[in-house]
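Secondary and tertiary structure notes
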Amino acid sequence: TSVFKDIELGPPIEVFLRSKDFQDDSHESKVNLTIGAYRTAEGKPWVLPVVRKVESTLAQDESQNHEYLPVLGLESFSQAATTMILGEDSVAIKEGRAIGVQTLSGTGALRVAAEFLARNLHFNTFYYSKPTWENHRLIFLNGGFKNNFEYRYWNPDSRGIDLNGMIEDLRNAPVNAVIILHTCAHNPTGCDPTHAQWDKIADVIEEKHLFPIFDTAYQGFASGDLDYDAYAVRLFASRNIEFICTQSFAKNFGLYNERVGNLVLITNNTSKIPEIKSQLTLIIRGMYSNPPKHGAKIVSVVLNDNNLYTQWKDHIHTMSGRIKEMRTGLYDRLMKLETPGTWQHIINQIGMFSYTGLSENQVQYLIKNYHIYLLRSGRINMCGLNEQNLDYVAKAINDAVTK
Ligand code: PLP
């Protein structure tokens, strides 16, 4: 007998399953459009040159060691990261109303935020967009939340945002419900609210006393401009709305598995900052004790050096620019093939992903007949495309749609 005898198999994680299927496939034309990671024009992962440079400097630096960081992480990192999202001239920072805490990438920041809100503030209800990144629900339930709801977001007919539906759902949410928002490059739809739409979202959140969490996994990746991509967060800060913002440095620094993240909390009650920090410390201490240094140190060095910062911004430009080129590349080919349906959304969407609108059957068809791997929802990672496979993918989509 065994204490583990009754354990049950949980559902597979689609994105990892599909990536594994891709790896196991021996077809020579196979294409991986699943997992959210940047690929170069040659289809390779990219270690940013500025990251390589800082890594080699740090490796030679005898003053570096592998001692523990404090529970709340590397302060030079979390301060620079907080300034990056809130802006150099942030009033919240000047007034001492912003707290930054290093976390285990974006996921870790969300998990700590969820536990803090559930445990210390007794929040129990959260809302996420329909659809959203598939991990939001699990993170918040594991963090202690009890009730989860979706707010309308994607309108399949217009292939854009259902703003009226979203506002109506937020209006009907109970007081203190936590609303998870994507700061930019919404995953999976690639559709972000316009500035005017963000105003309306802020109005209802303020009026109904909801608590926003900005999940920021793609700052700089969406438009290529760090400030533009931070618009929503800065708008809420300028309206003195209290919120939490989670930052991931996985995509924009290419530091995926180094787990570099930051949790930013904006409060209107500075006298309670010691208590807030103390409770965050206890949560992290009991969860993983303290975060890893390597990746955070790299980001800290880059963000605190004007010259390196400029080089990094250039890399962000390269990445977001290549994604935009792939959008036009795919769109132009589908137009040329006269593929039935509207495809304008491919160039209108922003960030790493495109929500193609392909049906589940069409997705299966692409996997089975063309060895092109994408998610059931029709989401594709634009970075998986390159000049070598664009014709093949466009032709395959055309075939899947017209068959
Ligand atoms: N939030 C969104 C919307 C994401 O797409 C991702 C990564 O895919 C994350 C958060 C967190 O990623 P990580 O934990 O690797 O920083």
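Residues numbered from 1 in each chain as written. Predicted model: local features only at pLDDT ≥ 70, side-chain atom pairs only at ≥ 80, totals over all residues. Heavy atoms only, no water.

A short note on the overall build of the protein
Counting secondary structure elements, the protein contains 16 helices and 13 strands. Here the protein has a C-alpha radius of gyration of 21 Å; the compact-globule value for 403 residues is 22 Å, and the two agree. Relative to its 403 residues, the protein shows a buried fraction of 53%. Looking at the protein alone, contacts between residues at least 24 apart form 76% of all its contacts between residues at least 6 apart. When the accessible surface of the protein is split by element, carbon and sulfur atoms take 49% of a total near 18,800 Å². Positive and negative side-chain charges of the protein, numbering 40 and 44 respectively, have mean locations separated by a distance of 3 Å. (Helix = DSSP H or I, 4+ residues; strand = E, 2+ residues; numbered from the N terminus. Rg over C-alpha atoms; globule rule 2.2 N^0.38 Å. Buried < 20%, exposed > 50% of the residue type's maximum accessible area, 1.4 Å probe, protein only. Contact = heavy atoms within 4.5 Å. Areas by Shrake-Rupley, 256 points an atom, 1.4 Å probe, with all protein chains shown as cover. Lys, Arg positive; Asp, Glu negative; His and termini not counted. Charge placed at Lys NZ, Arg CZ, Asp CG, Glu CD.)

Observations concerning the site of the ligand
In the vicinity of the ligand there are 13 residues, among which Ser105, Thr107, Asp215, Tyr218 and Ser248 approach most closely. Within the side chain of Asp215, one N or O atom sits 2.6 Å away from a nitrogen atom of the ligand. Here Lys251 contributes a side-chain N or O atom positioned 2.9 Å from an oxygen atom of the ligand. Out of a free accessible area of 390 Å², the ligand has 91% covered by protein chains. Looking at which element gives the most residues to the shell around the ligand, the answer is helix H5 (residues 105–121), with three residues. The class makeup of the residues in the shell around the ligand is four nonpolar, six polar and three charged. (Near = heavy atom within 4 Å. Polar contact = N/O pair within 3.5 Å; in protein donor to acceptor, adjacent residues only side chain to side chain. Nonpolar A, V, L, I, M, F, W, Y, C, P; charged D, E, K, R; others polar.)

Remarks on the sheet that holds strand S2 (residues 98–104)
One open sheet accounts for seven strands, arranged S2-S10-S9-S8-S7-S3-S4; its pairing is mixed. On the outer flanks of this sheet lie S2 and strand S4 (147–152), each paired with one strand and no other. Across this sheet, the average inter-strand angle for adjacent strands is 25°, counted without regard to direction. Direction of pairing for strand S3 (residues 125–130) relative to S4: parallel, over a ladder of six bridges. Within S4, the position partnered with Ser129 by the bridge is Tyr151. Across the sheet, helix H7 (residues 163–171) touches S3, S4 and strand S7 (178–182), and the angle it forms with S4 is around 150°. Across the sheet, helix H11 (residues 273–287) touches S2 and strand S10 (260–266), and the angle it forms with S2 is around 5°. (Pairing = 2+ DSSP bridges. Axes fitted to C-alpha atoms, helices over the stretch in contact; angles between N-to-C directions.)

A short note on the nonpolar core
Counting residues in hydrophobic clusters, the biggest one holds 63 residues, and the most contacted among them are Phe249, Phe253, Leu303, Trp312, Leu330, Leu366 and Ile372. At the level of elements, helix H2 (49–60), helix H3 (75–86), helix H12 (294–303), helix H13 (306–336), helix H15 (360–370), strand S12 (372–373) and helix H16 (390–402) are the ones that each hand at least two residues to this core. A total of ten residues in this core trace back to one element, the largest contributor, which is H13. Residues in contact with Phe249, not counting those within four places in the same chain, are Phe77, Ala81, Met84, Gly254, Leu255, Val260, Gly261, Asn262, Val299 and Leu303. In terms of nonpolar packing, the next biggest core, distinct from the first, is built from 36 residues, Tyr127, Ile179, Cys191 and Val233 among them. (Core = buried A, V, L, I, M, F, W, Y, C linked by side-chain atoms within 4.5 Å.)

Focus: a nonpolar patch on the surface
A cluster of nonpolar side chains, namely Val3, Phe4 and Ile7, defines an oily patch on the protein surface of about 410 Å² accessible area. Structurally, Ile7 is set in the segment before helix H1 (14–24). (Patch = residues over 30% accessible without salt bridge, like charges linked within 9 Å, V, L, I, M, F, W, Y side chains within 5 Å. Salt bridge = Lys/Arg side-chain N within 4 Å of Asp/Glu carboxyl O.)

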